[in-house]
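Summary of the model geometry
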Amino acid sequence: MSEKKTSFLEKSYSVPILIAILVFTLYGKTLNYGYVLDDPVVIGGNAYVQQGLEGIDEIFSHGYLHGFNGISVSYRPLPLLTYALEKEFFTDNIAASRFIHLTLYITGCWLLYLLVTVWFPSKGRNYALFATLIFLVHPIHTEVVANLKSRDEMMTFIFFCVQFLALATYIKKDKLKWLGLSALGFLLGLLSK
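What counts, and where the lines are drawn
The written sequence of each chain sets the order in which its residues are numbered from 1. Per-residue local features are limited, in this predicted model, to residues with pLDDT of at least 70; the limit for side-chain atom pairs, both in listing and counting, is 80 or more; totals at the level of whole chains, interfaces and linings are taken over all residues. The side-chain numbers reported here are obtained from all heavy atoms of the structure, hydrogens and water having been left aside. The convention used is that axes are lines fitted to C-alpha atoms, helices contributing only their stretch in contact, and that angles between N-to-C directions extend from 0 to 180 degrees. The numbering of helices and of strands both runs from the N terminus, where a helix is a DSSP run of H or I of at least 4 residues and a strand a run of E of at least 2. Small angles under 35 degrees read as roughly parallel and large ones over 145 as roughly antiparallel, with 65 to 115 read as roughly perpendicular and the rest as oblique. By the definition used in this description, the sense in which the near helix is turned from the far one sets the handedness, with an anticlockwise turn below a right angle giving left-handed and a clockwise turn giving right-handed. Here, residues are in contact when the closest pair of their heavy atoms is within 4.5 Å. Polar here means any residue outside two lists: the nonpolar Ala, Val, Leu, Ile, Met, Phe, Trp, Tyr, Cys and Pro, and the charged Asp, Glu, Lys and Arg; Gly therefore counts as polar. The disulfide definition used here is simple: a pair of cysteine sulfur atoms within 2.5 Å. Categorising residues by exposure relies on relative accessible area from a 1.4 Å probe, with only protein chains included: less than 20% of the type maximum marks a residue as buried, more than 50% marks it as exposed, and the intermediate range marks it as partly exposed. For the purposes of this section, nonpolar cores are sets of buried Ala, Val, Leu, Ile, Met, Phe, Trp, Tyr and Cys residues that join through side-chain atoms within 4.5 Å. With a 1 Å grid spanning the protein atoms alone, the term cavity applies to any set of points in which a 1.4 Å probe fits but cannot get out, the term pocket to an open set with protein on both sides within 12 Å along at least five of seven lines, and the term lining residue to any residue with an atom within 4 Å of a point. Grid points are joined across faces, edges and corners, and a volume is the space filled by probe spheres set on the points. The span expected for a helix works out to 1.5 Å for each residue beyond the first.

**Looking at the packing of helix 6 (residues 77-90) against helix 10 (residues 151-173)**
- The N-to-C vectors of helix 6 and helix 10 enclose an angle of 115 degrees; their axes lie 9 Å apart at closest approach. The angle between helix 6 and helix 10 falls in the class roughly perpendicular. Considering only the axes of helix 6 and helix 10, their crossing is right-handed. Contacts between helix 6 and helix 10 involve Leu-78, Pro-79, Thr-82, Tyr-83 and Glu-86 from the former and Arg-151, Asp-152, Met-155 and Phe-159 from the latter.
- Here the residues of the contact of helix 6 with helix 10 are counted per class, giving 5 nonpolar, 1 polar and 3 charged.

**Focus on the state of the cysteines**
- Counted according to the given criterion, the structure contains 0 disulfides.
- Unpaired in this structure, Cys-109 has its nearest cysteine sulfur neighbour in Cys-161, at a distance of 9.1 Å.
- You can call Cys-109 buried: its relative accessible area is 0%.

**Describing the nonpolar core**
- Core analysis: the biggest nonpolar cluster contains 17 residues, and Ile-19, Val-23, Tyr-27, Tyr-105 and Leu-136 have the highest contact counts within it.
- Those elements that provide at least two residues to this core are helix 1 (14-27), helix 7 (94-119), helix 8 (125-137) and helix 9 (142-146).
- A per-element tally of this core places helix 7 first, with 7 residues.
- Among residues more than four places away in sequence, those in contact with Tyr-27 are Leu-102, Tyr-105, Leu-136, His-138, His-141, Thr-142 and Val-145.

**Notes on empty space enclosed by the protein**
- On inspection of all chains with the given rule, the structure shows 1 cavity of 30 Å³ or more.
- Here the largest cavity defines a volume of roughly 90 Å³.
- What lines the largest cavity is simply Tyr-35, Ile-43, Gln-50, Tyr-83, Glu-86, Lys-87, Thr-91, Asp-92, Asn-93, Ile-94, Ser-97 and Leu-148.
- Elements with a minimum of two residues in the lining of the largest cavity: helix 6 and helix 7.
- Considering each element in turn, the lining of the largest cavity owes the most residues, 3 residues, to helix 6.
- Its residues assigned to classes, the lining of the largest cavity comprises 5 nonpolar, 4 polar and 3 charged.

**Quick word on helix 10**
- With 23 residues, helix 10 extends 32 Å from end C-alpha to end C-alpha; this agrees with the ideal 33 Å at 1.5 Å per step.
- Listed in full, the buried residues belonging to helix 10 are Arg-151, Asp-152, Met-154, Met-155, Ile-158, Phe-159, Cys-161, Gln-163, Leu-165, Ala-166 and Ala-168.
- Two residues or fewer after helix 10 comes Asp-174, characterised by a positive phi angle close to 55 degrees.

**A look at the packing of helix 7 against helix 8**
- Two elements in contact, helix 7 and helix 8, have axes separated by 8 Å at closest approach and are oriented at 145 degrees. Like other packed secondary-structure pairs, helix 7 and helix 8 cross with a definite hand, here right-handed. Contacts between helix 7 and helix 8 pair Tyr-105, Cys-109, Leu-112, Tyr-113, Val-116 and Thr-117 from the former with Arg-125, Tyr-127, Ala-128, Leu-129, Ala-131, Thr-132, Phe-135 and Leu-136 from the latter.
- Of the residues contributing to the contact of helix 7 with helix 8, the split by class is 11 nonpolar, 2 polar and 1 charged.

Below you can see the structure in the form of structure tokens.
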């Protein structure tokens, strides 16, 4: 009796690998970019971010741009926290920040794939992969991937996906921990944008 061989796309690790290859193929050149557009305002010109770990209290007690201009009406501490951590551990290595940024985009695309498979189980994995690839290569995402400032949008998307994946799991398994994870994803999304 012969065993049926599974194709590469049927393996559990294949989709994240494919997503990573495509992201680095399309956006890998951004690893060599300096700050673009609003990046200096949020990162290089933000006094709290530039303090690294010492600026965390200020990041969580003030608005998004307070460390830049002293005023701000929006509250988005999580992206600023990631920039401060990068400042602490990588000093001013913009390539490291961009690598983390690309990794977050890969994570968001992979979570989108999982979400589509959960929301449309009858359509199959190929449907989810196609939807994810359309999302990944769509030119409207170029600005979000190329600008480090857009980490707020990327993190919000990631936590949106986590929230709905956990909620779908809660509906299926009726375990309270999944509802808690969904609420946490919602909260983290709010703190990101």
